[in-house]
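Reading the structure
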Amino acid sequence: MANKTAANEHGGFPWKHLIGFVLSIVLTLFALWIALETDLSLTWILIIIFGFAFLQAALQLLMFMHVTENSTKTKLTGRVQVGNILFAAFIAIIIVAGSVWVMTAGHAKHDKHDEPKTENHGGHGGEEKSEEHGSHK
Amino acid sequence: MKWDEFFVTGDPLIYGADVSIVLTMVGILFYLTKYKKWKWLWTEWLTTVDHKKLGIMYIVSAVLMLFRGGVDALLMRTQLAIPEAKFLDSQHYNEIFTTHGTIMIIFMAMPFLIGLINVVVPLQIGARDVAYPYLNAVSFWTFFIGAMLFNISFVIGGSPSAGWTSYMPLASNELSPGPGQNYYLWGLQIAGIGTLLTGINFLVTILKMRAPGMTLFRMPMFTWSSLVTMVIIIFAFPILTVALALMSFDRLFGSHFFTLQGEGMDMLWANLFWLWGHPEVYIVILPAFGMFSEIISTFSKKTLFGYKAMIWSMLLIAGYSFMVWVHHFFTMGSGAAVNSVFSITTMAIGIPTGVKIFNWLFTMYRGKIQFTTPMLWSLGFIVNFVIGGVTGVMLAMAAADYQYHNTYFLVSHFHYVLIAGTVFACFAGLIYWYPKMFGYKLNERIGKWVFWLFTIGFNVCFMPQYFLGLDGMPRRVYTYSEESGWGPLNMLSTVGGFMMGIAFLVLVYNMYYSFRFAKRETTGDAWDGRTLEWSTPSAMPPFYNFAKIPEVTGLDHFWRQKQAGKVEKLTAKDIKKIHMPSNSGVPFIMGSFFFILGFGFVFGWMWMAILGGIGVIGTLIYRSFEYDDGYYVSEEEVIETEKISK
């Protein structure tokens, strides 16, 4: 399958595209249903629909955008393309998730100069802001 | 702003620098005018898109920056030689260690390596130029302008003084007022554009422009290391770009990303800086590994041991390099879980590096070793780099790091990896490929003097610093008391520093001496080499590199051809016309506009920044309407250049 080129794709019925199209619609509708019709908390709704979004992005790359195909004109193979995308995703996750983790775990969270942050007490404490700055507790 | 705020005043050292800058400028202008070299300078250098010439310009700039950064280092060592010295005041000392670090990493190590990559990689893969020659010129000029912008800071406006890491809140407007820190932000930002473009350019070049038959696993090791480096550049440099932009917003427009007020997170700067900064470490060490691989293989007369293991360990390093950044600030106090994870990843990254060390040793095992100067540097690298690596593993232990953090132990560690790794590689690579660039070798006898002076000086300078660090001497202090007992070792360290300075002068003398007296190479194969760059018939390849693109059948193709006695001779019927890119003055002009833009931002003069910005965009628009597809070199001209008899 990895050896297929864009040219021989054009013969026959475009099953791949049809399946991709249907799945995309299903995922979108499902996300809509989760957001509007369920009683889940906001956090969970966000997590689930973000999950669907990434799934759908992967689906579109796979079904419509020929990521796994070898190009006849260039020397780039499907493996290089997929490897590149996966590495990029890996780095992006490391940077974002890693930064959040490092900056909020352990003692670091007390190091923020404008306490209190959201975590336990909800609101963005407006009043008690200024006099606390610079103090480490 | 009054003129005495614009120019830095009051320090005799600075006045000395002012005078020498003016004299050098006058000297250069006089020389160019008297010998009518202006046109030569413009057509041969400023407008060139030839990767070899751009590479040479990178290297020349890097050597100049090595001089500047080296002078900074010697000033620091002079101040620290005895307790309570009065040579530099605290502010001046802070400025000097900041510019020393920034210049050595960003404007010396990287351009030196990128310069060698520029010269060598297209030749090694049998290409006539890089994928985007015009972009390559843009890369060079943005780097050069960024470096110049950063360098004028010490006579105009004042240098940055918050360390090369520029931690917030120290680097904020409140604690570092004035243009100094802005020079850091904009110098690095503009040079960073060039680096990112180089990353894209060489990634495409290596992936797409290899000679027929050269599959990925037939590429020379230096090309492989460059490829991996470019991948790291492409993923790491955008982080720096964003971080610098955010800090620029903080300083120029009053935003609160990293400030103490307004919910800013000061340590987020450190986090982002090292998210770029650690991959950066591997950006400056991997090409060095590649060069040592080439040199050790050539002078052991053996194929590189464990070629594939080398490649896989480099790919592993590329991935790991993004997962260790927190070890630079274990003491921030992220808690046990974070520190443990990053401790383990940091130790793990030592494994692929260790694999490479053994590969080099086994390459030499039972080889016919020739002790040429590039080989000496490579051997010196292995010994000294291992010392740096082992102390690195010590630092990787988070709990122990609380003891070593911000002491001279750390300073010594990173000098052992950066000098023994990167700087030794720059010297080795420069000497090794010197005949490719200039048509003659550097004198070997003087070269050996340079090696021994530098290596001994290096150890005398930095070995004591390990012990000073263990004894508690913190880094970035401009003086210390007599009672601390750090005096004698500091004096020893200073002596070593000056030995390295002398070694540098001898190296420069060697360039002059060899220019005058060295025997000119008659063939392209100065060292009995193994890879394609040595296969050109003339010592310095013509501007189109290869009259006929070679066909590669395996690793070390040229070497095996020589062994079989089947080196191809060019005949007139092999020659076809050659398509080459045209020179262009636009990259240089674009660089000049970048300078105006950067200078405007440094002083907060928005009209000037906007003017420069319009200029930059103008050159981009001009370029996109330019329909220049290059030109053809005729068959007759190629035959004449190659001196082929009909």
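Residues numbered from 1 in each chain as written. Chains lettered and ligands numbered in written order. Predicted model: local features only at pLDDT ≥ 70, side-chain atom pairs only at ≥ 80, totals over all residues. Heavy atoms only, no water.

Our next topic: the overall build of chain A. Of the regular secondary structure elements, chain A holds five helices and zero strands. Along its sequence from the N terminus, chain A presents helices and strands in the succession α-α-α-α-α. Within chain A, buried positions represent 25% of all 137 residues. Taking the intrachain contacts of chain A between residues at least 6 apart in sequence as the baseline, contacts between residues at least 24 apart amount to 45%. Total accessible area on chain A is roughly 9,600 Å²; 70% of this is exposed by carbon and sulfur atoms. (Helix = DSSP H or I, 4+ residues; strand = E, 2+ residues; numbered from the N terminus. Buried < 20%, exposed > 50% of the residue type's maximum accessible area, 1.4 Å probe, protein only. Contact = heavy atoms within 4.5 Å. Areas by Shrake-Rupley, 256 points an atom, 1.4 Å probe, with all protein chains shown as cover.)

This part covers the confidence of the model for chain A. In this model, chain A carries a mean pLDDT of 73, and residues with pLDDT of at least 70 account for 64%. Contacts of residues 111-137 of chain A to residues separated by more than four positions or lying in other chains number 33 contacts, the stretch itself having pLDDT below 50. (pLDDT = per-residue confidence, 0-100.)

This part is about the side chain of Ser166 of chain B. Residues and elements named next belong to chain B. Along the chain, the position of Ser166 falls in the loop between helix H6 (133-151) and helix H7 (180-208). Classification of Ser166 by relative accessible area gives buried; the value is 0%. At 2.9 Å, the side chain of Ser166 forms a polar contact with the side chain of Gln181. Apart from the residues within four sequence positions on either side, Ser166 is in contact with Ala171, Gln181, Tyr184, Met247 and Trp269. (Polar contact = N/O pair within 3.5 Å; in protein donor to acceptor, adjacent residues only side chain to side chain.)

This part covers the confidence of the model for chain B. Residues and elements named next belong to chain B. Per-residue confidence for chain B gives a mean pLDDT of 92; residues scoring 70 or more make up 99%. Taken element by element, the predicted model of chain B shows its lowest mean pLDDT in helix H1 (residues 3-6) (71) and its highest in helix H15 (residues 444-470) (96). Note on the complex model: pTM 0.89, ipTM 0.84.

Looking now at unusual backbone geometry. Put simply, Met168 of chain B and Pro169 of chain B share a cis peptide bond, and its omega is 0°. The backbone phi angle of Arg476 of chain B is positive, close to 60°, even though this residue is not glycine.

All names here are of chain B. Structurally, Val155 is set in the loop between H6 and H7. When its relative accessible area of 9% is taken as the criterion, Val155 is described as buried. Not counting the four nearest positions on each side in its chain, Val155 is found in contact with Phe6, Phe7, Val8, Ile14, Asp18 and Ile21.

Looking now at the packing of aromatic side chains. Residue and element names in this part refer to chain B. Taken as a whole and assessed by the stated rule, the structure comprises 74 aromatic pairs over all chains. Seen from their ring centres, Trp40 and Trp45 are 6.5 Å apart, and the 70° between their planes marks the pair as edge-to-face. Overall, Trp40 belongs to the partly exposed group, its relative accessible area being 40%. One Lys or Arg, Lys37, reaches over the ring of Trp40 and ends 5.1 Å from the middle of that ring. Lying across the ring of Phe154, Arg68 places its NZ or CZ 4.6 Å from the centre. (Phe/Tyr/Trp six-rings, centres within 6.5 Å; stacked < 30°, edge-to-face > 60°. Lys NZ or Arg CZ within 6 Å of the ring centre and 35° of its normal.)

Residues and elements named next belong to chain A. Among the surface-exposed residues, Phe13, Trp15, Leu18, Ile19, Phe21, Val22, Leu23, Ile25, Val26, Leu29, Leu32 and Leu36 lie close enough to one another that they form a single nonpolar patch of about 1,200 Å² accessible area. Counting through the fold element by element, Phe13 comes out in the loop between helix H1 (6-9) and helix H2 (15-37). A relative accessible area of 53% places Phe13 in the exposed class. (Patch = residues over 30% accessible without salt bridge, like charges linked within 9 Å, V, L, I, M, F, W, Y side chains within 5 Å. Salt bridge = Lys/Arg side-chain N within 4 Å of Asp/Glu carboxyl O.)

Following the sequence through the fold, Arg516 of chain B ends up in helix H16 (residues 487-517). Of note is the side chain of Arg516 of chain B, whose polar atom sits 2.7 Å from the side chain of Tyr512 of chain B.

Attention now moves to the pattern of salt bridges. Residues and elements named next belong to chain B. What the rule picks out here adds up to eight salt bridges over all chains. The salt bridge partner of Glu44 is Lys53, with a shortest N-O separation of 2.8 Å. Residue Glu44 is classed as partly exposed on the basis of its relative accessible area of 32%. Residues joined in a network through salt bridges with shared partners are Lys301, Asp525, Asp528 and Lys562.

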